[in-house]
Structures are given as structure tokens and as C-alpha cells.
Amino acid sequence: MIIADEKENMLFGISSIGKTSVWESLAKNLAYPFYVLDTEIHKKLKVTQDQFVEIMY
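Described below are features of the structure shown in this document. (Residues numbered from 1 in each chain as written. Predicted model: local features only at pLDDT ≥ 70, side-chain atom pairs only at ≥ 80, totals over all residues. Heavy atoms only, no water.)

## Re the overall build of the protein
Helices and strands together make up the secondary structure of the protein, namely three helices and two strands. Within the span of the protein, comprising 57 residues, buried residues form 9% of the whole. Carbon and sulfur atoms make up 57% of the accessible area of the protein, which totals about 5,300 Å². (Helix = DSSP H or I, 4+ residues; strand = E, 2+ residues; numbered from the N terminus. Buried < 20%, exposed > 50% of the residue type's maximum accessible area, 1.4 Å probe, protein only. Areas by Shrake-Rupley, 256 points an atom, 1.4 Å probe, with all protein chains shown as cover.)

## Quick notes on the side chain of His-42
Topologically, His-42 is positioned in helix 2 (residues 37-45). Of note is the side chain of His-42, whose polar atom sits 3.1 Å from the side chain of Gln-49. When near neighbours in sequence (up to four residues on either side) are disregarded, His-42 contacts Val-47, Thr-48, Gln-49 and Phe-52. (Polar contact = N/O pair within 3.5 Å; in protein donor to acceptor, adjacent residues only side chain to side chain. Contact = heavy atoms within 4.5 Å.)

## Comments concerning the pattern of salt bridges
Pairs can form between side chains of opposite charge whenever their charged atoms are close. Applying the stated criterion across every chain yields a total of one salt bridge. The salt bridge partner of Lys-43 is Glu-40, with a shortest N-O separation of 3.6 Å. Separated by three residues within a single helix, Lys-43 and Glu-40 lie in helix 2, roughly one turn from each other. On the basis of relative accessibility, which here comes to 55%, the residue Lys-43 falls in the exposed class. What makes Glu-40 partly exposed here is its relative accessible area of 30%. (Salt bridge = Lys/Arg side-chain N within 4 Å of Asp/Glu carboxyl O.)

## A closer look at the environment of Tyr-35
Following the sequence through the fold, Tyr-35 ends up in the loop between helix 1 (19-30) and helix 2. By relative accessible area, which is 58% here, Tyr-35 ends up exposed. When the C-alpha positions of Tyr-35 and Glu-24 are compared, they lie 8.3 Å apart, and in sequence the two are 11 residues distant.

Below, the structure is given as C-alpha cells:
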């Protein structure tokens, strides 16, 4: 599912179906900033992916 407006665009979907690859390419072509939410959360919390999974589950 794609949610888009003038300021924000988000892509939601099932894990491992290629959302990041598709959205990164689209963002590059449209000159939009591109962020992976998981990565941004890891940076903010200063944790690795494995630590994050432990915290969440």
C-alpha cells in the first residue's frame, strides 16, 4: 500500500517483498529523500538489528 501526499510518502507491506528496493529506486527517480524506518530507529536508540528484535519481542 502506498500513502502519498505533498509532504510525505510511505510504503507499507509484507516483510521481504522488496518494498525498500522499489521505494529507494522510486525516491531516487523523483528526487525524494529516502529513509528506512528500521534503520532510523536503530540509530536513534543506538542498538543493532538483533538488539532491536530482542527489545521488541
